[in-house]
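Now for the letters of each chain:
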Amino acid sequence: MQTVRHSEQTLRTALISKNPVLVSQYEKFNAAERRLMNEAFQPASDLFGPITLHSQSDWITSHPEPPQDFEEFFNAPSRKTPSPEKRSIYIQCIGLLGNTRIISEEYIKWLKGYCEAFFYGLTVKLLEPVPVSATRCSFRVNDSTQKLQIHAGHILKFLKRKKPEDAFCVVGITMIDLYPRDSWNFVFGQASLTDGVGIFSFARYGSDFYNSSCESEGKALKKKSSNDYSVFDNYYVPEVTSVLLLRSCKTLTHEIGHIFGLRHCQWLACLMQGSNHLEEADRRPLNLCPICLRKLQCAIGFNIVERYKALVRWIDDESTDAPRVTPRHSSKDSVNLPKPVEAFKEWKEWIMKCLAVVQK
């Protein structure tokens, strides 16, 4: 295992900058907020630690790219900021996210609530869910997994056409695997910063994705016409679990972060780190490091403490009188599904530590 560790001065400059204008902006944060963000360059901090690399296949090793400090983010000519007329994030569901309509609707609402807390200050709206056939995208059967995949680039074009006037961005979410071009095996997601659209799949985050199909099933799917969208009727949907929800929230906020102009983080352990595989994605935390937090705060203008409180409320806002999770193959649509937040317990504890720092 290798640790990517930067000097205190390097992290201080990456966060605050040496540009007098940006230093002055930083000093406008109140003392409590600065105390929290200054943890970025405290060697003994238990809130923000260094990035750890576990193999040569990890993102930083296999995808070398220049780091982006706050000053570079601030001065980026391609960076987009929400305007008073465009302060809405739209979520477009493609296909079902759960094995029943009600479960799918609940899952989308959970993701909406999480995005509202994470991108605190913006409005998150839901577009009417659509079947795959509505996108008219190409699709195929993956040779390795024998699973159906839809073409990410074609979905982006569909989302661009549907983008509402007040949208800062539109993000598509699906439980169907994605591919960006014929030569690629798969992709977790793809976005266009210029157009403010993105499509992200949670299919591979299901616990049984790699062992829930067989070669005969794949051959049967391949025999179907290339424009026969009925293959997606009653198609595989992973079981809704707390881990699946956590992974979905992590991917969704990471990718929307890119639409705001945040590049992959190489400073500290952070949500905006790149990931090449599921194991690396699971190691990536839910939180932003102070450098990326300042970037997002600059774009949206939220109060840092209020944002953390909103995230805690989302975790705590669980229906306690609702029945337990519906069995995945149940056909009943009348069951109320409680939000499975068990996997968020450690993150809530981390947020409470942050709040304790700012409330000293």
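Just so it is clear, the model here is predicted, and its values are computed rather than measured.

Colleague: For this particular structure, what's the right way to read the overall build of the protein?
Modeller: Looking only at helices and strands, the protein has 13 helices and 10 strands in total. Against the compact-globule benchmark of 21 Å for 360 residues, the protein has a radius of gyration of 21 Å, which places it among compact chains. Expressed along its principal axes, the backbone C-alpha trace of the protein runs to roughly 65 × 50 × 45 Å. For the protein, with 360 residues in total, the buried portion stands at 54%.

Colleague: Help me understand the sheet that holds strand β5 (residues 139-141), please; the structure alone is not making it clear to me.
Modeller: By way of backbone hydrogen bonds, the strands of a sheet pair with one another, either parallel or antiparallel. Taking strand neighbours across the sheet as the criterion, the 3 strands line up as β5-β6-β8 in an open arrangement whose pairing is mixed. What marks the edges here is a single partner per strand, and that holds for β5 and β8 (177-179). With strand direction ignored, the average angle separating the axes of adjacent strands in the sheet is 40°. As judged from the 3 bridges shared by strand β6 (residues 148-151) and β8, these two strands associate in the parallel manner. Note on β8: the bridge partner recorded for His-151 is Tyr-179.

Colleague: Looking at this model, I keep getting lost on the sheet that holds strand β10 (residues 197-201). Mind explaining?
Modeller: Taken in spatial order, the 5 strands line up as β4-β3-β7-β10-β9 in an open sheet, and their pairing is mixed. Strands at the two margins of the open sheet, each flanked by one partner only, are β4 (123-126) and β9 (189-192). Each strand of the sheet is rotated relative to its neighbour by a mean of 20°, with strand direction disregarded. Of the strand pairs in this sheet, strand β3 (residues 88-94) and β4 are connected by 4 bridges, and their pairing is parallel. Note that in β4 the partner of Ile-91 across the bridge is Leu-126. Where helix α6 (residues 101-118) meets the sheet, it contacts β3, β4 and β7 (167-174), and its direction lies at approximately 165° from that of β4. Of the strands in this sheet, β3, β7, β9 and β10 touch helix α9 (residues 242-259), which is tilted by about 145° from β7.

Colleague: Hey, could you run me through the pattern of salt bridges in this one?
Modeller: Opposite charge on two side chains allows them to pair when their charged atoms are near. Across all of its chains, the model carries 11 salt bridges by this definition. Between Lys-112 and Glu-116 there is a salt bridge; the shortest N-O distance is 2.7 Å. Remark: Glu-116 and Lys-112 occur in helix α6; sequence separation between them is 4 residues, near one turn of the helix.

Colleague: Explain the nonpolar core to me, please; I cannot follow it from the model alone.
Modeller: In a soluble, globular protein the nonpolar side chains are often hidden away together inside. One finds Phe-119, Phe-260, Tyr-308 and Phe-344 to be the most contacted residues of the largest nonpolar core, which totals 86 residues. Among the elements that line this core, the one with the most residues is α6, at 9 residues. Phe-119 has contacts with Ile-89, Thr-253, Ile-256, Gly-257, Phe-260, Leu-296 and Ile-300, leaving out every residue within four places of it along the chain. By size, the runner-up hydrophobic cluster in this structure holds 29 residues, among which are Val-132, Val-170, Val-231 and Tyr-235.

Calculation notes
- Residues numbered from 1 in each chain as written.
- Predicted model: local features only at pLDDT ≥ 70, side-chain atom pairs only at ≥ 80, totals over all residues.
- Heavy atoms only, no water.
- Helix = DSSP H or I, 4+ residues; strand = E, 2+ residues; numbered from the N terminus.
- Rg over C-alpha atoms; globule rule 2.2 N^0.38 Å.
- Buried < 20%, exposed > 50% of the residue type's maximum accessible area, 1.4 Å probe, protein only.
- Pairing = 2+ DSSP bridges.
- Axes fitted to C-alpha atoms, helices over the stretch in contact; angles between N-to-C directions.
- Contact = heavy atoms within 4.5 Å.
- Salt bridge = Lys/Arg side-chain N within 4 Å of Asp/Glu carboxyl O.
- Core = buried A, V, L, I, M, F, W, Y, C linked by side-chain atoms within 4.5 Å.

Read these as spatial facts, not as claims about activity.
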